[in-house]
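Architecture at a glance
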Amino acid sequence: MLETIAAAYSGFIGSISNYLYTYILIVLLVAGGIYFTVRTKFVQFRFLPESIRIVMQPSEDQNSISAFKTLMVSTASRVGTGNIAGISTAICLGGTGAVFWMWVTALLGSATAFVEGTLAQIYKKRAKDGSCYGGPAYYIEQALKQRWLGVLFAVVMILTYMVGFNLVASFNIADSLKAYSFYDPTLTPWIVGIVLAVVFLVCISGGGKQIANITAVLVPVMGVLYLAVTLFVVFTHISLIPAVFASIFRNAFNFQAIFGGFVGSALMQGIKRGLFSNEAGIGAAACAAGSAGVSHPAKQGLVQVLSVFIDTIVVCTATAMLLLCSGVAPTAEAAGMPFVQQAMAGTLGQFGVIFITVALFLFAFTTLLGNFYYAETGLSYLFNQAPSRTAVYIQRAVATVVVCLGATMQLTVVWDTADVLMGLMALINVPVIFLLLKPALRCLNDYIQQKKAGKNPEFKASSIGLKEKVDFWN
């Protein structure tokens, strides 16, 4: 009975995923990214150095999280299993050309990330303790006066991060252990799931600020070590780089293959895995942006640009080069962690397999924590910042069970579930930020003008003619 239900669900969720990304999201995300890039006059390229400078500044509001910590929270969610197992899956199922379309998704999506991050700051709310919070649900309610749509977004966001994305993270941790002799397919996933769930529950008991503190330490260490190993592998196979790039571009523009079998094409796999990795356009990272203490909303928009660059242009590219320079041929059967481990074993031997397992665990675990931070913000919105203890405990219990079950599920089921849920978030958020683009553009222009005048930009709502009442910037 359970097997029948599982098979039916797998077919159902797979069909929805293919339909969404074949006919709707590819147009929405690519067209949206192009539109926001043009309207912001390529903000993601012009102000990338400024993004780095802003991140190094301390918090300008002692009651709120610093720009660096919001970068770490949003990066903790963005930089995760999608950067390792997701890249492997895209290459194995879509070919090397999928890497190119991930780059395109990130470069265009970073403009989208700027807009949603800036809007989150403009319409952020003040908490009782003086700190701030925000995100798509809040700018939907405040600017569009549509509470019901904000509630819908919050519910979908909770499901996406607490269920969809955490299923993937948990699954990939268990999947990484298949390379070891002790792995028992009927027992090991359950052991991993239970242990992971217990550690996860202990960490999330500290709340959002505790999550920010944990990720602020783990993310930089994890990222530096991982990049160091990938660069070592790439430099020891430097002669293969020209052929790798040639393969990426050649397969990216194989339009006969793309339109002949779109579901498994480089274009579709690249957009799916690119969106899963950098999350630009789905709006959740804007929740972290809304909690930052900055003097101008555009600053936090630029921080979100940097987060997308770190995620896809740096970390995803490093993984892609690691895999494609290894000499191991990608196959559909090796999609996910098996291909990554085979590539590491072929270049660094058993050390490589152990290292990538540890790296995947750290990436995935910080993803679990960052994801739950977003789920918490969704619950807070539903209860007007005052969720009952019962609601909080129920959310934590459900999230813990999901982490446990994710380790025991199948690859296609967890990825399709996550793809569909994040696709629904994008379907709500991208049209909304189309409607609210003007305040974000005026905010950017105000920032530029103040920078040209030699000032540390400070924002006033009246300076852009904002009609809606806001908690800050008056």
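Calculation criteria
- Residues numbered from 1 in each chain as written.
- Predicted model: local features only at pLDDT ≥ 70, side-chain atom pairs only at ≥ 80, totals over all residues.
- Heavy atoms only, no water.
- Helix = DSSP H or I, 4+ residues; strand = E, 2+ residues; numbered from the N terminus.
- Buried < 20%, exposed > 50% of the residue type's maximum accessible area, 1.4 Å probe, protein only.
- Contact = heavy atoms within 4.5 Å.
- Areas by Shrake-Rupley, 256 points an atom, 1.4 Å probe, with all protein chains shown as cover.
- Expected span 1.5 Å × (residues − 1).
- Arc of directions from axis to C-beta.
- Phe/Tyr/Trp six-rings, centres within 6.5 Å; stacked < 30°, edge-to-face > 60°.
- Lys NZ or Arg CZ within 6 Å of the ring centre and 35° of its normal.
- Core = buried A, V, L, I, M, F, W, Y, C linked by side-chain atoms within 4.5 Å.
- Salt bridge = Lys/Arg side-chain N within 4 Å of Asp/Glu carboxyl O.
- Axes fitted to C-alpha atoms, helices over the stretch in contact; angles between N-to-C directions.
- Parallel < 35°, antiparallel > 145°, perpendicular 65-115°, else oblique.
- Nonpolar A, V, L, I, M, F, W, Y, C, P; charged D, E, K, R; others polar.

Quick word on the overall build of the protein chain
Each helix and strand in the protein chain was counted, giving 19 helices and two strands. Counting every position in the protein chain, which comprises 474 residues, the buried fraction comes to 61%. By sequence separation, contacts in the protein chain at least 24 residues apart represent 85% of the contacts at least 6 residues apart. When the accessible surface of the protein chain is summed, it comes to about 18,100 Å², and 68% of that surface belongs to carbon and sulfur atoms.

A closer look at helix α11 (residues 241-252)
Spanning twelve residues, α11 covers 17 Å between terminal C-alpha atoms, matching the ideal 16 Å at 1.5 Å per step. Listed as buried for α11 are Ile241, Val244, Ser247, Ile248 and Ala252. Viewed along the axis of α11, the buried residues span an arc of 125°, placing them on a single side of the element. In α11, the exposed positions angled more than 90 degrees off the buried face are occupied by Pro242 and Arg250.

Some details on the packing of aromatic side chains
Counted under the stated rule, the structure contains 19 aromatic pairs. Their ring planes at 65° and their centres at 5.8 Å tell us that Tyr35 and Phe36 sit as a pair that is edge-to-face. Linked through ring pairs, Phe100, Trp101, Trp103, Phe245 and Phe249 together constitute an aromatic cluster. A cation sits over an aromatic face here: Arg126 above Phe472, 3.9 Å from the ring centre. One residue, Arg147, lies across the ring of Tyr381, its end atom 4.4 Å from the ring centre.

Things to note about the nonpolar core
Tyr139, Phe200 and Tyr226 are the most contacted members of the largest nonpolar core, which totals 152 residues. Counting residues per element, this core draws most heavily on helix α16 (residues 337-382), which supplies 22 residues. Those residues within four positions of Phe200 in sequence are excluded, and the remaining contacts are Asn166, Phe365, Leu368, Leu369, Phe372, Ala399, Thr400 and Val403.

A closer look at the pattern of salt bridges
Counting across every chain of the model gives five salt bridges. For Asp471, the salt bridge identified is with Lys125, shortest N-O distance 3.7 Å. Here Lys125 lies in strand β1 (residues 125-126) and Asp471 lies in the segment after α19 (437-452), a separation of 346 residues in the sequence. Judged by its relative accessible area of 29%, Asp471 falls in the partly exposed class. For the salt bridge of Glu141 with Arg147, the shortest nitrogen-to-oxygen distance reads 3.3 Å.

Section: unusual backbone geometry
One non-glycine residue, Lys41, lies in the positive phi region at around 55°. Mapped onto the elements of the fold, Lys41 is located in the loop between α1 (2-39) and α2 (43-46). Overall, the relative accessible area of 58% leaves Lys41 in the exposed class. The phi torsion at Asn384 lies on the positive side, around 50°, for a residue other than glycine. Its location among the elements puts Asn384 in the loop between α16 and α17 (389-406). By relative accessible area, Asn384 is classed as exposed at 56%.

Considerations on the packing of helix α3 (residues 48-55) against helix α15 (residues 297-324)
Interhelical geometry of α3 versus α15 gives an angle of 105° and a closest axis separation of 8 Å. As far as their axial angle goes, α15 and α3 are roughly perpendicular. Taking contact as the criterion, the partners of Leu48, Glu50, Ser51, Ile52, Ile54 and Val55 in α3 are, on α15, Lys299, Leu302, Val303, Val305, Leu306 and Phe309. Along the lines of polarity and charge, the residues of the contact of α3 with α15 split into nine nonpolar, one polar and two charged.

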